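# Structure assessment
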2 protein chains.
Amino acid sequence: MTMLKYSRQRECIRDYVRNCHQHPTADNVYAGIKEEFPNISLGTVYRNLSLLVELGEITKISTGNGPDRFDCNTRPHSHFICTCCHCIQDIEMADMDYIARKASENFDGKILAYTTTFYGICKNCLDEKNLQKSS
Amino acid sequence: MTMLKYSRQRECIRDYVRNCHQHPTADNVYAGIKEEFPNISLGTVYRNLSLLVELGEITKISTGNGPDRFDCNTRPHSHFICTCCHCIQDIEMADMDYIARKASENFDGKILAYTTTFYGICKNCLDEKNLQKSS
DNA sequence: ATCAATAATAGTAATTGTTACTGATATTAA
DNA sequence: TTAATATCAGTAACAATTACTATTATTGAT
């Protein structure tokens, strides 16, 4: 491990993700901190986001299509991705570990982590289309 | 929808994925059928894999880093990704729907699908390192 | 405070995985 | 057999991300 030096850019990037609850992309972060650092490089944003993920200060969400998203919520939780507007929402579940325990039962490897991603239509899109959650 | 015409290339691609249980990448498929179709195009492989996914004949797995993988198993199941050798294994779980029901309880959108991906060390890697599943 | 060591930067080029385009070929229904 | 057109091979374009390089900023020791 190489020693870590302070950088104002990294500080700013971390704060931005901390205060943004829309699960921003690297590009969103880049655009968002352009005001404070007009000539920051996109590479710097990517590098620091990766670093912050390594440090466990933020997490990365792979959506399956489109760019990765970042999340200030480091507690274990799931994500919901709306197939309509592509928004991402956190989903908290009571007994998440149940899944890992259950999966371990018939698996001979060592399970260290897992993520669950839900897909569907978010509240906003349901409302816009006058649909019900249960229809 | 445009009408679907037969193609030997698509047949071959489907058969390859059907008989390959290593969750191949598009590149793997490309390399694997080069023998039968020496001058097949990588674009053709991508196009047909996407088409087969649309038709529900195979499924696509997004790994989060690295290329997408494809799976001949179309029944609902989870995946385990080894962080050591990067292999992917299927994990069958008895009551998977429990998760979706549980998640629905405190969520106001409409959940239509979900995937769970487990991360850890596979049996082979555990053995090579003389490690135990429970240590 | 000054300095040397080096981590981090801005800017840019390269890489990776995937999709789009184009003219030629293969499949299909009449 | 023919006409219509889906698919093809080949290649170019694309989006997201990473790597490179010369310069700047931070740090710990003088």
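Above this note sits the structure.
Presented here is an overview of the structure given in this document.

Parameters and conventions
Residues numbered from 1 in each chain as written. Chains lettered and ligands numbered in written order. Predicted model: local features only at pLDDT ≥ 70, side-chain atom pairs only at ≥ 80, totals over all residues. Heavy atoms only, no water. Helix = DSSP H or I, 4+ residues; strand = E, 2+ residues; numbered from the N terminus. Contact = heavy atoms within 4.5 Å. Lys, Arg positive; Asp, Glu negative; His and termini not counted. Charge placed at Lys NZ, Arg CZ, Asp CG, Glu CD. Near = heavy atom within 4 Å. Polar contact = N/O pair within 3.5 Å; in protein donor to acceptor, adjacent residues only side chain to side chain. Pairing = 2+ DSSP bridges. Axes fitted to C-alpha atoms, helices over the stretch in contact; angles between N-to-C directions.

## Thoughts on the overall build of chain A
Across its full length, chain A carries 5 helices and 5 strands. Reading chain A from its N terminus to its C terminus gives the helix and strand order α-α-α-β-β-β-β-α-β-α. The dimensions of chain A, computed from C-alpha atoms along their principal axes, are 50 × 45 × 25 Å. Considering only intrachain contacts with a sequence separation of at least 6, the fraction spanning at least 24 residues in chain A is 47%. In chain A, the 16 positive side-chain charges and the 17 negative ones have mean positions that sit 3 Å from each other.

## Description of unusual backbone geometry
All names here are of chain A. The backbone of His23 shows a phi angle near 50°, a positive value even though the residue is not glycine. Turning to its location among the elements, His23 is positioned in the loop between helix H1 (8–19) and helix H2 (26–33). In this structure, His86 takes a positive phi of about 65° despite not being glycine. By the element assignment, His86 lies in the loop between strand S3 (78–82) and strand S4 (88–91).

## Notes on the protein's contact with DNA strand D
Near DNA strand D you find 20 residues, and of these A:Tyr46, B:Lys5, B:Ser7, B:Thr44 and B:Arg47 are the closest. One of the backbone nitrogen or oxygen atoms of A:Asp68 is found 3.1 Å away from a phosphate oxygen of DNA strand D. Contact between DNA strand D and B:Lys5: a base oxygen at 2.6 Å from a side-chain N or O atom of the residue. For the surface near DNA strand D, the secondary structure elements donating two or more residues are helix H3 (42–54) of chain A together with helix H1 (8–19) and helix H3 (42–54) of chain B.

## Here we look at the sheet that holds strand S5 (residues 110–121) of chain A
Pairing is mixed across the open sheet formed by 6 strands, whose spatial order is S4(A)-S3(A)-S5(A)-S5(B)-S3(B)-S4(B). At either end of the open sheet lies a strand with only one pairing partner, and these are S4 of chain A together with strand S4 (88–91) of chain B. Each neighbouring strand pair of the sheet contributes to a mean axis angle of 30°, computed without reference to strand direction. Summarising the sheet, S3(A) and S4(A) pair through 4 bridges and their orientation is antiparallel. Each bridged residue has a counterpart across the sheet, and for A:His79 the counterpart in S4(A) is A:Asp90.

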